[in-house]
Structure formats: structure tokens, C-alpha cells
Amino acid sequence: MRDPNNKPVILLAFANDRDDTVGYLRNLPDEARRLREALERAEQAGLCEAVVRSNSTAGDIFKVFQAPKYRNRIAIFHYGGHANGYQLLLESVSGQTASADASGLAAFLGQQQGLQLVFLNGCSTQLQTQELLDANISAVISTSRSIDDQVATDFAYQFYQGMAGGASIRTAYKEAEASVQTVKGGTTRGVYFGNKDDPKSQLEPDRWPWNLYLRQGSEYADQWNLPEAVNDPLFGLPPLPEQDLPESPYRHLSWFRREDAEVFFGRGHQIRKLYDRLNARRSAPIVLFYGQSGVGKSSILDAGLIPRLERDYEVRYLRRTEGGLLDTLQLAFLQEASDVSIETAWRMSEERSGKPLIVFLDQVEELYTRPIADLSDELDQLLHAVKATFGDPKNRPKGKLVLGFRKEWLAELESQLVEFELPRTKVFLEPLDRRGIIEVVQGPSSSKRMRERYGLTIEDGLAEIIADDLLEDRVSAIAPTLQILLTKLWNKAIDANYEQPKFNQDLYQQLKRDGILLRDFLNQQITAFRERYPDAVDSGLLLDIIALHTTPLGTAGQCTIEQLQEQYVHLGALLPDVLQQCQDLYLLTLASSDQKNSNETTRLAHDTLAPIVREQFDSSDKPGQRARRILDNRSVGWSENRESTPLDEADLIVVERGVTGTRTLNSAEQRLLERSLELRDRSQRNRKCLKIVGALASVVIVGLGVWGWLNFNQAEAARKNLDATNTALTLTNRDLATTTEGLKEKTNEANRSKRKAEANLQTAKHSVEDLLDLFTELPRRAGEVAAAMTAADAQTAFEAIERYGMPSSRRITSAGIEKAVEELDSRLTIWRDYSGPLNELHDEHPAKECRDAVLNLVRVTADEWKEQSSSELLTRSTQSKLRNERREFERDIITQGLCQRAINVTLAIAEAASEGRESMLTFRSEFERLYWAELYWVELGQDGESSLEAAMVAFRDTGLQNWRLDDVSKSDLTTLARTVRDCCELLISHPTIERTQLK
């Protein structure tokens, strides 16, 4: 906004030799009059104040500089009169000539803080230049010899005409030079004092006598101009076309369009800079217009620059299409001819309109972020066409090509331009500064026309508070964040008072508490989306849809409606409603296409959302994202009709749960899922068969045992009868010798039967013992399973640590963390090389040591984060970020490591033990020891050093009731608690449980 009390002052001082008729400069009074006339327009526009001092003495000049009303406001000091290399010939109080020493005057002028230019329009003042530059004067215009009086007047008049019109010092100087040369012709001798045909004049070298000098280190001082000095950089530019004001003065996340030009504020200096660059004579035909994502390039072009160019230029604006850059550029010439070269079409356009053609080709960086598969030479194709159009400086079109792109791609793009030897100039778009933010906030209430249309009033000081708050976060994109905030303020204000909306600090502070940054906005919009489609949010489907509009580089992409329909077939008729809700909540926008008959495309509502969306997608633990990560990783081996390892049980369960929260599976992913399901079904059938065979074998073994006992009883009865008979026979008839041999034979036969029965009984006994050993063996088998799964879980947890924790821990690397990582690497290597038997878990088992190493790394990293996040040396934002990363890390280890591990071990127990209540109780005890105590250790360890044994004791004494859960998600712990409880109860209650009951 213009400050009327701080306008720059131009001091015009003139001195003549009134006593010397020969030395009297007759044109000097006319110079004073004409310069005053040239600056009158600028004074009326409020750009400056002109102060004229004729017949100046040194005291007159000092008096003006030291006057309170002019102190540090004089921007240009102009002297017209006699001078030489060492003096300015001023006047005395009596009217006679009085010399002013150049060194002293330079020292005085060097103390004036606002002084931008000293213009010595006298004869031979060049020798004074260096003293002025050494005295800290940024720019000096001086002469190398005596100048014709009239020519000096004309040159100065043209210079100040240019300055009054808004030109910079350099541009005004060049315009004055060209004007005098136009009148005087090719030779510069005509500008010297005296007759150009004078032989003495012929001895002087033929050179331009004026020169503009810049102090070293102030090379941009010649760009100073009056409009920018009064914060009115748009002064002198063509006016905006007459049109109605838009319905709302704010655009939320949409860029400002041509119809919004009148309410586009805060970018006047950048518009002026780009306009001057395009309007400059002999400037490069290619302009590289670049800035960071979200800085507002599209808005500046569409609403700020193009409407002001249209009066004097033919303008065409295009964004890169799916056909590539050259195809997009050709769209600019459809009305000329589509079958001729770019060079020919460009000339045809300029001939038809009678104006230079400026083409804006935006989103050029997409050739890197969204490359076209069959167009690897996309940039080369474009530059060949540009080279043919602008390569010849003597025969190139009058217009220019502006390439808009994000700043991180400047080096790659410029190197290609260098290779093609294409002339170019660069314009870097800085983020909104404090002055720009304040202007954006106050803009809609800055003019009578605006106030009548919107009725908006803004509390004093609010704009400055908003600017300071936004500038605290140097990482966020200021322009879109500011527009979101102002749109919310506007909606709240008109809800409160539609006729006279007001922005005040209470309203702003209310919104600030809810969150005003882009990350807050994304979370708020997702929450709002959930009110209508809760399943789409909870399953991860919404995040999958908006993440499809990004690239792995964290940049924005786009999708056609056709592509979305193919990717989300399972949504069916619901897809249009979901996309509309995304548009209503400013998550996606329907992008217009410059190509005829092209499909509609959707984009993120603003490019700055892309890295935030990508970060949330990559770190999300929603079912859809967990399934997507597994499918992306495992389906690689199934592409091109290949077959690789199917999903294991744990991954298959995750994919089945998340398949509705992600995009439609491609052919490789579908084959992977079908094969994994097929193998699981086959495994389940095999386990059923084994159970049946085991049951039959048990029946046979028990039957053999019963049969053996019956034989033994019969043999024992026969023996007793035989003994009784033998006794009777021995007592009654010892003489029956003839029957002895027969009785011995029967006895031998009975003994053989007895031994056979005893053998059968022993066989049955061993069979029963084998059966008992089978159940006794189950704990060992469970130990083998647990050992194997512990090693696998150690690897999984370590990968989780690398994925979530190690980037941050490397930033806060300590000896403790490095040692823990090295120890874990060593233990994992030992486990991978382990070839011994899988016995019951014990303290020296390599799998157990792996698990302990993982837990140690968890503890060390968590302790480091806790210590770093509480450090007084870190900023609040850094402390908050570290705490958030720590909680995210611990939650991932707990939920993804322990909870999934509990389910897996439960399934393994169900498979290993189909019968036996006592075995189930044993397993539950082992289960609790390994996992509940481990989980409790993670929580307990946050208060200081602890051990697994101490955690087990505390768990037995207190259970879960007294846990401190401040830093761990209660919902995650509740989920794990329910998982463990349900798994144990199922095992106790249903000895023959099927695996599907645990899903």
C-alpha cells in the first residue's frame, strides 16, 4: 500500500554565471521548467515530490537535505550548471560564481540515507564520479566532457520523462540516450559544446559523453524506480479490463483467474518485474519463470500479468497436457494452422494480430515428475522447435516464450537450454513476504469499490499478526495457507453478519486454535469426509484415491475419469459421489483441458498438498495402505506372467482385510492373491485329513491295548486253573506218571500263551506311552514354532525400525543407537546362519537373542528421542516433531509387531495342538509370559531403565489397570488386549478350533 507521507523527493538544483555573458547558460532556466513539467505527472500520481532550487548556493542545497520534512527522503539529486572534474560552480548570495569542492560535497551526499542517484548534468563531471561512489552513492550519471546546452536540457528532460512514467533508472537512461541519438544522428560530436565542424572538436574522440556508473556491490541500483519506492509497482502498467468483481474476494485452494484479477493482491512487485522483463527491448526471447511449489506462479500469470499484457500483446496460456510439451505448444496455434511448423505459425499469428505473441507454457516440470512412457525425448523435441523459432537473433519473432516450472528443476532445464544454445533470462518468484501478506489481507477493504461490493472491515493490526504467525513456519507454503485461512475467516464473518462482515482477532484466534496450516487443513477435510463416508476413510480408500493424484517424488499428478473408473471398479456407481465430495472439500479439483475431445481429468486441489498426502499415505496403518504396501512389494515377482513366492498366512490376512481400501488389483496382484488363497485352502484340507488320520490311529492304538489286556487276563485265568489242577493231581495221585508228559506240554503251552499275552500287553503299553509322549512333545513343538516366529518377528521389527525410526535417529545419532544397531545386525546374522536343532526357547537361543536385540534398539532409540525432545536447545516445533515421531515409532512396534505376532503364535498353537486342555493352559501361560510381559516392558521402560523380568513381576502384581498410557495410544493397547484375550479364550474353550475362527 502506498504511504503518502514517505514519497521520494527529487531535488533539482541549478546554478548559472549571471555576471559572465559568455559563460551564461541561456537554456538553464528552460531546463528547470521542462524538468519540473516532466515530473508533474509523477507528482499528481503521488509517486514523488519535486523540489526546485534555481540560482543555488551550497547553503541552499544543504538546507533542503537537512530540512526535517525532507530528511532521508531525497532520492535523486540533480545538478544543472557549470562544473568541472573537481568542482560544481554554484552561486553566492550576491549572485556571483562560488565553487563547491567535489570531495566535500561527495562526503556530505554520502551521509544521506535515502539517496539513490546523483545526476551531474554539467560539463566534464566524470572525474567526480569515483569520489561519489566511494562515499557510498549507489548510482551516478556524469559527463566526460563539455556538453551542448540544449542537448543537456533535452537529455535530462527525456530521462525524467521516463522516471515519471515508472521506468527504472537504467531504462530511463537508455530511453534518454536513444532519444538524443535519434535527433542528433549517428555521430555523437553534435552533442558536444560548440560547433561540431570546429577543428578543435574533431580532435575529441567520438563517444557518448554521458555514462551511468554503479557502485561495486550495488549492481541492481539501476533498477530503482518511483512506483516501487512508494509501494505502487503497478503504476504505469496497462489497466485491468473492466469486469465485475467476483462473488468472493478469496479463492481457497483454487488459483486466481483472469476474472479474479481485481482482487489479486500482494504480488505487484513480481508482476512489475516480469512485465518489464517481457517488455524490455533486446531481451532474451525465452523467459524461465520459476519458484517453489505453492508460491503462486499460476495466479500471477493468469490474474496478475496476462490481463495487463493483452492490450499490447497477443497472449496464450497453456499447461502441459498428456501429449507432451511440444504437443501442448502446438495447441497455441490451432487458429493459425495445425500443419505448419511452430516458427511459421508464430509469425502468422503476429502478422494476423499486428501484435507480438507471448506464449506461457506452464507446469514444465511435469516432464520430470510425470514422464510419458513412449516420449523419452520430450524436452529435446520442444527445444528443437524453439531453436528453429528463436535461434536466429536477426530473424526471430517479436514475441517471447515463457516456461513456468518449479525451482528444483532449474538446473536440469537450464543445462538443456545451454546445450541447445538458446538465449534466456530468469525470473525467480519469491514466496510472499510480510508486506505482501499484509496487502493480501487488507486488499478487499482497500478501495471504495471493494468496500461497497464486499462491505468488509478488518480490525487494525490483524493483518500484521497474521503475517507474523505465517512467517514463523518457514517450511509451509504461505500463499495457499493464507488463502485457506482468509476463506475460512470470510465464511465465518458473513455467517455472523452478511451485510457488514468483519475480521477481528477473536475470530482469527478461534480458527488458529483449530489449526491454520496445510497439514491441519488436510486432516480437517478428511474428518469432514468421514461424516458421510466413514468406511472409505477407515479402510484407507480415501487416502488411496487422493494419493493416486501424486507421484512417488511427492509432486502432484492427475488422473482421467476413465483411469479412476478402471482403478476403482469396486466402487461402481458410488465413484462419482465420492469424487464430488472430494471436490466439495477442496481435496481434488476437476481440471480443464486444452485439448478437444479429451477426457476430463482430476488433480489435487493444490500442488502443495502432494508431499503431505504422500507422507500420510506412506506412513498410514489403515487396512488399505497396509495391503497396498504388501501387494506393491510382493507382486513384482508375479509380473509378466511369472510366478514367485505366494503370501504367507499373516500377509494374506492383511491383504484380505485391506483389499476394499485400495485400488483394483492388477493382473499380477490378482494372480498372487488367488494362488495364495488356493495354497491356504489346500493346507487347511491337509490339516483336516491329518486330524482324521490321527484320530483313527488313536482308536487303533487304544483297541490294541484293550485286546492285549483281554489276552493277558485269559492267560492268567488259565494259569491259575492249571496250578489248581496240578496241585490237586499232585496231592491225590502221584502215581499218574503216564499223564505227566501231557501236563508238562499243557504247562509249556500255557507259559507260551502267558509270554505272548505279556508281549502284547507291553506293546499296548508302549503304544499308550507313545500317545502320551505325543502330547508331552507338544510344548517342544510349540517352542520350535515360537523360536522360528521370534526370528521372523525380529526381522520384521528391525525393518519397521528402519522404516519409521532410523531416518530420525540418524539425525540424532548417538553412540548408544549405533551400538544397538550393530548388535542387532550381528544377532540377525547369527540367526540366519543357525543350523542347529530348534529346542525350547532359552536365554542363549539365537532367536531369543534377536528378539532381545530388537527390544534393546527400541529402548535406546526411545530414550534418545525422549532426551532430544526435552532438550532446551531445540525449537518447540522440532521438539514436537521428535515427540510425534517417537510416538509413531512406538505405536508401530506395538501394533504391527506385537499384535500381529500374538495372532500368528495363536494360530500356530491351534495347528500344533488339536486336543488336550492341559496343553492349552500351558500354551496360554507361555503366551502371556512372552507377549504381555514384553508389551508391558515397552510401556514401563519409558520411565527409566527396566528389564523384562521386572516387567513380568509388575505385570503379575498390577496387571494392566495401573499402566501409564500417556505416550502410547490407548486404542492400540485396547485392541491388543482384546486380541490376546480372545485368542486365549478360543484356545481354552475350543480344543479343535479351526484357523478361520481366529481371522
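On a predicted model such as this, the values are computed, not experimentally measured, just so you know.

Peer 1: Describe the side chain of K400, listing the residues and the values that go with them.
Peer 2: Structurally, K400 is set in strand β12 (residues 400-406). Within the buried set, K400 has no salt-bridge partner at all; the shortest N-O distance to an opposite charge, 9.0 Å, is to E350. Here the side chain of K400 touches S283 through a polar contact of 3.3 Å, side chain to side chain. Apart from residues no more than four positions distant in its own chain, K400 is found in contact with R277, L278, A280, S283, A284, P285, V287, W346, L357, I358, V359 and F390.

Peer 1: I'd like a description of the nonpolar core, backed by residues and values.
Peer 2: The biggest cluster of nonpolar side chains holds 55 residues, and the ones touching the most others in it are F360 and F503. With eight residues, the top contributor of residues to this core is helix α19 (residues 478-496). There are two domains that each give this core at least three residues, and those are domain 2 (267-428) and domain 3 (434-494). When residues no more than four places from it in sequence are discounted, the contact partners of F503 are Y250, L456, T457, I458, E459, L462, L486, L489, W490 and A493. Among the nonpolar cores identified, the runner-up in size contains 41 residues, and L39, Y173, A176 and L226 belong to it.

Peer 1: Explain the sheet that holds strand β9 (residues 286-291) to me, and be specific about the residues and the numbers.
Peer 2: The sheet built from five strands is open, its strands ordered β10-β11-β12-β9-β13 with parallel pairing. The open sheet has two edge strands with one neighbour each: β10 (314-319) and β13 (424-428). Strand-to-strand twist of the sheet, defined as the mean angle between neighbouring strand axes without regard to direction, takes the value 20 degrees. In this structure, β10 lies alongside strand β11 (residues 357-362), joined through six bridges in parallel fashion. The residue bridging R319 from the neighbouring strand is D362, located in β11. In the packing of helix α10 (residues 297-309) onto the sheet, contacts are made with β9, β10, β11 and β12, and the angle to β11 comes to roughly 170 degrees.

Peer 1: Give me the lowdown on the packing of helix α21 (residues 518-532) against helix α25 (residues 575-584), citing residues and values where you can.
Peer 2: The interhelical angle for the contact between α21 and α25, taken along N-to-C directions, is 145 degrees, at an axis separation of 10 Å. Note on packing geometry: the crossing formed by α21 with α25 is right-handed. Where α21 abuts α25, its residues A528, F529 and R532 lie against V578, Q581 and C582. Partitioning the contact of α21 with α25 into residue classes produces four nonpolar, one polar and one charged.

Peer 1: Could you give an account of the confidence of the model for the protein, with specific residues and numbers?
Peer 2: Mean pLDDT over the protein: 75, with 63% of residues reaching 70 or higher. Per-residue pLDDT stays below 50 along residues 593-597; that stretch engages in eight contacts with residues further than four places along the chain or on separate chains. Confidence over residues 804-813 falls short of pLDDT 50; this stretch has 26 contacts with residues more than four positions distant or in other chains.

Each value, and the rule that gives it
Residues numbered from 1 in each chain as written. Predicted model: local features only at pLDDT ≥ 70, side-chain atom pairs only at ≥ 80, totals over all residues. Heavy atoms only, no water. Helix = DSSP H or I, 4+ residues; strand = E, 2+ residues; numbered from the N terminus. Buried < 20%, exposed > 50% of the residue type's maximum accessible area, 1.4 Å probe, protein only. Lys, Arg positive; Asp, Glu negative; His and termini not counted. Salt bridge = Lys/Arg side-chain N within 4 Å of Asp/Glu carboxyl O. Polar contact = N/O pair within 3.5 Å; in protein donor to acceptor, adjacent residues only side chain to side chain. Contact = heavy atoms within 4.5 Å. Core = buried A, V, L, I, M, F, W, Y, C linked by side-chain atoms within 4.5 Å. Domains from an automatic or database assignment. Pairing = 2+ DSSP bridges. Axes fitted to C-alpha atoms, helices over the stretch in contact; angles between N-to-C directions. Left-handed = near helix turned anticlockwise from the far one by under 90°. Nonpolar A, V, L, I, M, F, W, Y, C, P; charged D, E, K, R; others polar. pLDDT = per-residue confidence, 0-100.

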